[in-house]
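Structural description and commentary
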Amino acid sequence: MITFDDVVKVYPGGGTAVDHVSLEVPTGKTTVFVGPSGCGKTTSLRMINRMISPTSGRVLIDGEDVAGQDEALLRRGIGYVIQHAGLFPHRTVLDNVATVPVLLGKTRREARAAALGLLERVGLASEFAQRYPAQLSGGQQQRVGVARALAADPPIMLMDEPFSAVDPVVREGLHREFLRLQKDLGKTIAMVTHDIDEAIKLGDLVVIFRQGGIVAQIGTPRELLSDPADDFVAEFVGRDRGLRSLSFDTAAELPVKPVPAELVVDEAGRPLGWRTGADDVRPTGGTFTSADTLRLVADLAILSPVGIAVRVDADGKADGITPHHDLADYLAARRG
Ligand SMILES: Nc1ncnc2c1ncn2[C@@H]1O[C@H](COP(=O)(O)OP(=O)(O)OP(=O)(O)O)[C@@H](O)[C@H]1O
């Protein structure tokens, strides 16, 4: 666990960048620092690996103040990924990833073999290994950056805006891979982003900073969306937070009504559409299973020509319906 204990950073000639921050980055989880520009996220991140020293207060890793630790030794256990990947331009992709393990005493051969495995893990085929960074797309470079940070197998990873330099479609792919990788690896990750959607998607825990380096709220994505501490957080997480918070719950306990005659099904019971007139059958707009999220159910009810979401079983057979007002009643009852 990484602990910030009443940490303050005042830059000489500048204002207070980090103002009495106390927080915990739990072991094996992803903690995301998010907030508007200039609110002290990067400064906080860099105090973990001693690139920046606090003016007062302490940063501890597993109870030990980093200030008292040997810098080189400390950084060996902390991977660091930055925006634009920061790769060595004159080394091949493979050598970019293998460099640190070689410095740590592995033979070049061992390090390259391990690097190939890592590149595969981050979704880069071996054909990229001999290229130079400039011959890769931005998204591919970011993947190499992640592989390089993982090469020394550090228990901790610091990631500063790792996915912000790529377009939204590539970012979406990188997010999926990040989540898959982190599920396998269980690193202790502190990540900086200015994008609240990214924070909510990737973070087990989210720390929202406000101007002046003050922590506005710390919570799980669900807590931030359902219970923002104040107007700043509510505004920052976004106006549609009610709808987005439905992504964290499945439809497992959502009551359904029996399938009515107006739902036209094929011989296997799979929905074909809604009968809205003698010759008029309109598409359902999609179906959900009890494992899907309440957000999908809400979406389907909105898209449906009759305002009704259709549930199907594992074989795709219609086994219940939820009209939009039933969903609204269910959500209201849950809130109590
Ligand atoms: N070396 C420095 N000297 C003086 N002031 C600095 C220095 N580095 C950062 N600052 C100031 O400290 C504050 C916090 O900066 P920091 O980079 O930590 O913010 P941030 O939240 O990461 O911002 P961004 O999202 O724009 O990267 C800012 O007001 C910045 O101008």
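Residues numbered from 1 in each chain as written. Predicted model: local features only at pLDDT ≥ 70, side-chain atom pairs only at ≥ 80, totals over all residues.

Details of the site of the ligand
Neighbouring residues of the ligand: Tyr11, Gly14, Ala17, Gly35, Ser37, Gly38, Cys39, Gly40, Lys41, Thr42, Thr43 and His194. Per-element tally for the shell around the ligand: the top contributor is helix 1 (residues 41–48), with three residues. (Near = placed C-beta within 6 Å. Helix = DSSP H or I, 4+ residues; strand = E, 2+ residues; numbered from the N terminus.)

As for the packing of helix 3 (residues 93–103) against helix 5 (residues 138–150)
Axis separation between helix 3 and helix 5 bottoms out at 7 Å; the angle between their running directions is 25 degrees. Taken together, the axis directions place helix 3 and helix 5 in an arrangement best described as roughly parallel. Remark: the crossing between helix 3 and helix 5 carries right-handed chirality. Within the contact between the two elements, helix 3 uses Val93, Asn96 and Val97 and helix 5 uses Val144, Ala147 and Arg148. (Axes fitted to C-alpha atoms, helices over the stretch in contact; angles between N-to-C directions. Parallel < 35°, antiparallel > 145°, perpendicular 65-115°, else oblique. Left-handed = near helix turned anticlockwise from the far one by under 90°. Contact = placed C-beta atoms within 7 Å.)

Here we look at the domain arrangement of the protein
By domain assignment, the protein separates into domain 1 (2–247) and domain 2 (263–335). Put simply, the middle of domain 1 and the middle of domain 2, counted by C-alpha atoms, are 40 Å apart. (Domains from an automatic or database assignment.)

Looking at the environment of Arg270
Structurally, the position occupied by Arg270 is in the loop between strand 11 (263–265) and strand 12 (271–277). Classification of Arg270 by C-beta neighbours within 10 Å gives partly exposed; the count is 14. Once the C-alpha coordinates of Arg270 and Arg148 are considered, the two residues, 122 residues apart in sequence, prove to be 48 Å apart. (Buried ≥ 20, exposed ≤ 12 C-beta atoms within 10 Å, placed from the backbone.)

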